[in-house]
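Secondary and tertiary structure notes
The lines below spell out each chain.
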Amino acid sequence: MARGGGGGCCPSMDLMRSEAMQLVQVIIPAESAHLTVSYLGDLGLLQFKDLNAEKSPFQRTYAAQIKRCSEMARKLRFFKEQMSKAEISASPSQLNETHLEFDDLEIKLGELEAELTEVNANNEKLQRTYNELLEYNTVLQKAGEFFYSAQRSAAAQQREIEANQSGQTSLESPLLEQEMSTDPSKQVKLGSLSGLVPKEKAMAFERILFRATRGNIFLRQEPIDEPVTDPVSGEKVAKNAFVIFYSGERAKAKILKICDAFNANRYPFPEDVNKQLHAVQEVSGRISELKATIDMGLAHRDSILKSIASDFEQWNHLAKREKAIYHTLNMLSVDVTKKCLVAEGWSPVFASVQIQDALQRATVDSKSQVGSIFQVLNTKESPPTYFQTNKFTSSFQEIVDAYGVAKYQEANPGVYTIVTFPFLFAVMFGDWGHGICLLLATLYLIIREKKLASQKLDDIMEMMFGGRYVILMMSLFSIYTGLIYNEFFSVPFELFGKSAYACRDPSCRDSTTEGLVKVRGTYPFGVDPVWHGSRSELPFLNSLKMKMSILLGVAQMNLGIVMSYFNAKFFRNNLNVWYQFIPQLIFLNSLFGYLSLLIIVKWCTGSKADLYHVMIYMFLSPTDDLGENQLFSGQKTVQLVLLLLALVSVPWMLIPKPILLKKQHERRHQGHQYAMLQGTDESVGAELGEHHDESHDHEEFEFSEVFVHQLIHTIEFVLGAVSNTASYLRLWALSLAHSELSTVFYEKVLMLTWRMNNIFALSAGVIVFIFATIGVLLVMETLSAFLHALRLHWVEFQNKFYEGDGYKFAPFSFALIREEED
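About the thresholds
Residues numbered from 1 in each chain as written. Predicted model: local features only at pLDDT ≥ 70, side-chain atom pairs only at ≥ 80, totals over all residues. Heavy atoms only, no water. UniProt positions renumbered as here; feature names shortened; annotations may be inferred. Helix = DSSP H or I, 4+ residues; strand = E, 2+ residues; numbered from the N terminus. Contact = heavy atoms within 4.5 Å. Areas by Shrake-Rupley, 256 points an atom, 1.4 Å probe, with all protein chains shown as cover. Salt bridge = Lys/Arg side-chain N within 4 Å of Asp/Glu carboxyl O. Buried < 20%, exposed > 50% of the residue type's maximum accessible area, 1.4 Å probe, protein only. Core = buried A, V, L, I, M, F, W, Y, C linked by side-chain atoms within 4.5 Å. Pairing = 2+ DSSP bridges. Axes fitted to C-alpha atoms, helices over the stretch in contact; angles between N-to-C directions. Phe/Tyr/Trp six-rings, centres within 6.5 Å; stacked < 30°, edge-to-face > 60°. Patch = residues over 30% accessible without salt bridge, like charges linked within 9 Å, V, L, I, M, F, W, Y side chains within 5 Å. Parallel < 35°, antiparallel > 145°, perpendicular 65-115°, else oblique. Left-handed = near helix turned anticlockwise from the far one by under 90°. Nonpolar A, V, L, I, M, F, W, Y, C, P; charged D, E, K, R; others polar. pLDDT = per-residue confidence, 0-100. Expected span 1.5 Å × (residues − 1). Arc of directions from axis to C-beta.

Looking at an unreviewed UniProt entry, the chain carries the name V-type proton ATPase subunit a, with the source organism given as Urochloa decumbens. As its UniProt record puts it under Subcellular location (unreviewed entry), the chain is described as follows: "Membrane". The Function (unreviewed entry) comment attached to the chain in UniProt states, word for word, "Essential component of the vacuolar proton pump (V-ATPase), a multimeric enzyme that catalyzes the translocation of protons across the membranes. Required for assembly and activity of the V-ATPase."

Our focus in this paragraph is the overall build of the chain. Looking only at helices and strands, the chain has 24 helices and 13 strands in total. Within the chain, counting contacts between residues at least 6 apart in sequence, those at least 24 apart form 80% of the total. Accessible area for the chain stands at about 45,200 Å²; split by element, carbon and sulfur atoms hold 58% of it.

Enumeration according to the criterion identifies 22 salt bridges in this entry. Here Arg-74 makes a salt bridge to Glu-113, at a shortest N to O gap of 2.9 Å. Note that Arg-74 is positioned in helix 2 (residues 63-85) and Glu-113 in helix 3 (residues 102-164), a separation of 39 residues in sequence. Look at Glu-113 and you get buried, because its relative accessible area is 16%. A salt bridge links Glu-796 to Arg-791, with the nearest nitrogen and oxygen atoms 2.9 Å apart. Through salt bridges with shared partners, one network takes in Arg-68, Asp-103 and Glu-106.

Here we take up the nonpolar core. Membership of the largest hydrophobic core comes to 62 residues, with the highest contact counts inside it found for Phe-421, Phe-425, Leu-588, Phe-592, Leu-598, Tyr-728 and Leu-731. Here this core gets 10 residues from one element, more than from any other, and that element is helix 16 (residues 574-605). Filtering out sequence-adjacent residues up to four positions away, Phe-421 remains in contact with Ile-399, Tyr-416, Val-470, Met-474, Phe-786, Ala-789, Leu-790 and His-793. Grouped together as the second largest cluster of nonpolar side chains are 60 residues, Ala-86, Leu-116, Ala-309 and Phe-374 included.

Turning our eyes to something else, we now look at the sheet that holds strand 7 (residues 239-246). Reading across from one edge, 4-7-3-8 is the order of the four strands in this open sheet, with antiparallel pairing throughout. Two strands bound the open sheet, and with one partner strand each, they are strand 4 (217-223) and strand 8 (265-267). On average, each strand axis in the sheet is inclined to that of its neighbour by 25°, with strand direction left out of account. Looking at chain direction, strand 4 and strand 7 are connected through seven bridges and run antiparallel.

Glancing now at the packing of aromatic side chains. Evaluation of the coordinates by the stated rule reveals 31 aromatic pairs. Ring centres 4.8 Å apart and planes at 55° place the aromatic pair Tyr-386 and Phe-809 in the tilted group. Residue Tyr-386 is found in the loop between strand 11 (373-377) and helix 9 (393-403), and its partner Phe-809 is found in the loop between helix 23 (759-797) and helix 24 (814-821); the two are separated by 423 residues along the sequence. Here Tyr-386 and Phe-809 have matching classes, each one buried. For the ring pair Phe-392 and Tyr-469, a centre distance of 5.8 Å and an interplane angle of 70° mean the geometry is edge-to-face. Of this pair, Phe-392 sits in the loop between strand 11 and helix 9 while Tyr-469 sits in helix 14 (residues 468-485), placing them 77 residues apart in sequence. Taking the relative accessible area as the measure of exposure, Phe-392 reaches 26% and is therefore partly exposed. Under the relative-accessibility criterion, Tyr-469 is labelled buried at 10%. By way of ring pairs, the aromatic residues Tyr-403, Trp-794, Phe-797, Phe-801 and Tyr-802 are connected into one cluster.

A contiguous nonpolar surface patch, about 670 Å² in accessible area, is contributed by Val-766, Ile-767, Ile-770, Phe-771, Ile-774, Val-779 and Met-780. Accessibility expressed as a relative area gives 41% for Ile-770, which makes it partly exposed.

A packed helix pair is summarised by two numbers, namely the angle formed by the two axes and the spacing between the axes. Look at helix 9 against helix 10 (residues 414-429): their axes get within 9 Å of each other, and the N-to-C directions meet at 95°. With respect to their mutual orientation, helix 9 and helix 10 come out roughly perpendicular. Between helix 9 and helix 10, the contacting residues are Thr-393, Phe-396, Gln-397, Ile-399 and Val-400 on the first element and Gly-414, Thr-417, Ile-418, Phe-421 and Pro-422 on the second.

Our next topic: the UniProt feature "transmembrane region" (unreviewed entry) in the chain. The sites that UniProt annotates as "transmembrane region" (unreviewed entry) are residues 423-447, 468-485, 548-566, 578-601, 637-655 and 759-780. As a span, residues 548-566 carries 100% helix and 0% strand, and end to end its C-alpha atoms are 27 Å apart.

Across the interface, helix 16 lies against helix 21 (residues 703-727) with an axial gap of 11 Å and an inter-helix angle of 40°. Viewed along their axes, helix 16 and helix 21 adopt a mutual orientation that is oblique. Crossing handedness for the pair helix 16 and helix 21: right-handed. Residues Gln-584, Phe-587, Leu-588 and Phe-592 of helix 16 lie in contact with helix 21, whose contacting residues are Phe-717, Val-718, Ala-721, Val-722 and Thr-725. The residue inventory of the contact of helix 16 with helix 21, partitioned by class, reads seven nonpolar, two polar and no charged.

Taken over all residues, the pLDDT of the chain has a mean of 86, while the share at 70 or more is 87%. Residue range residues 672-698 is modelled with pLDDT below 50. Its contacts to residues more than four positions away, or to other chains, number 41 contacts.

Right, let's get into unusual backbone geometry. Its identity is not glycine, yet Phe-489 carries a phi of approximately 55°, on the positive side. Within the element layout of this structure, Phe-489 appears in the loop between helix 14 and strand 12 (501-503). With phi around 75°, Ser-490 is a residue other than glycine that occupies positive phi space. Tracing the backbone shows Ser-490 in the loop between helix 14 and strand 12.

For helix 8 (residues 352-365), with 14 residues, the first-to-last C-alpha span of 20 Å sits near the 20 Å given by 1.5 Å per residue. For helix 8, the complete set of buried residues consists of Ser-352, Ile-355, Ala-358, Leu-359, Ala-362 and Thr-363. What you see down the axis of helix 8 is that its buried residues fit within an arc of 135°, all on one side. For helix 8, exposure combined with an orientation more than 90 degrees from the buried face picks out Gln-360 and Val-364. Buried residues along helix 8 sit against strand 1 (21-29), helix 1 (33-43), strand 10 (340-348) and strand 11. After helix 8 finishes, the residue Lys-367 shows a positive phi value of roughly 55°.

Okay, structure coming up:
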């Protein structure tokens, strides 16, 4: 059985170690299988294993039911699209009020889809006819105007010809016109076509017609004032009305093909005026009738969609629920008698009673003659990792899980991340004015979390909302560190009392500490405001923040090493205690722990010793006298001892562990006995498992491979002790950068425009200051400090003890399906 904490009916709620897990087997009668899986999904405490991994989805037992669920999901998506087009929103789901069986729902959805499809098809046909009639009505109006204007010009021309006719033909008139005027029998009857063509194609349409007929047509076009709805596409299109006069059937055939190619819709136009008026009246009447019919059809469609909308959420959840149940059933193994199904999966130890209760209820409710059998299996598999979190701790746990999920019951960095992550962020972001801005933004997200949780947010807002409690802690710690730095948008305040210093005379108050005398006790909390704006501000804050960064870094790295001890003790890995934890602790503190001690001593004594010189010559010339760099008596001896311990701890980490692993391996396999000996260190199997496949236990122990592996770990730690300590200096660098940027925006933007005594310049300065503060300091600097704090936790802290090679507990749960829907 998988190792873990004691049993019980309640979760441990221990963030330090994941919940104790067990591999269980459930034998379920076939008649109660569906209801059993449904109840287990409501419980959400069992992660099923796929016992049919070798089968394709189509070869599994419930493939047909999955197909039915997929078809129902398709119908529901169709309904959702139709509701979206009709601007009808689904009513909030009330899942517990009514219960609809799966088969009944399938029939109902099929009937609704058929009815809605028929209504849509009829509406589309009517709408297309309606749009055609609207276009026809437009053509009748425009073409009527063409013919009316043509008739007027022809009549005027005829009167002019008759008035000027003197019995002789004019040499200037065309010969064809002369012949037609003299011989009516030679007059040619012209045909006409009218319709609408897209405005963007009108010029090309005219050119192609002219070239195809060699100019033997007369074309008249006029744009329509408003776009019309195209009957084919259903979209609004700007079009031109046209009338084409042609002669001959060949020309007509060419024109018809060109009209089809240019999507020009053609409509008949009677030449007789009376017929034109009759056509206009008839078309107008049909348009009114169709409009009324279409409105009735849309009202009927909306009534169907509203009836669907009232139950849509419930149906959608039921369809997804059923599909999830059948997917889970497909993971179960069918017994040879086909009378029962066998399930295997992981569950927390505390959930055993709840799972058995669910099995019993399913047996009773399904009226099965045989109950389900629940039993715990022994296994060597690595269980999944399961932490009980709430809405506050879950976001901090996600920060850790983004690096890697904890190995089963490995010490969880998430516990310490709740405090250390926002604190390290605040060290880089320390300004209580900026912290208050972050706090106000976060309080808005927290106060309205119920409303925002039900809304669909964009990616950035969703990320901020998910990490609202992380940002809350970051803002609170930023206010705290801002008070320590005594910075409010870079401006110092005497919040905790008067400054410890005063001027000898009024002339010394501008940006200098010369002439200052200490007139009262040390400023009680944080940095004395007199340092801000002084010549010594930058050297003082540089020294303070750099040394503080080293102290914080060494403290957090020591915490990581101590956590490796608790991991080793929990897993009973004594080799890691004696040959990893102890030498690592000695090495780190012999060098950088000693440096931290020197920093504290220097602060307490006010010594002017050069710590750089002390640390460098501790390695280069350990026997030389320290001179003025000596901070306490016996310092030279202490440094020699610490240097010797640091040198000894390196081979201590490197050599003994591979040798002892080899001896342990030989003891385990003496006389070809492959079982674990009683009392043997439990860590040996785990250590060997890193370098040795369990399925090949009979092979020889690869000492060289284990030694190289240990050599790499030793080199990583020794070099990492230096590089990781240096990496914590980013706390100093980013804190200084944040402070200087804030000062620049305040002094060079806001105060500079204030001194101009110009309202317009001041307004511009205030606007630039606000946007610079929000854009640079509250957005970019927040993101920068967040990423650097993330790196310090993932690399400098977690690499001391955290393997992060586990996998998350993913139970079958309907609650998770609801969260995914939301």
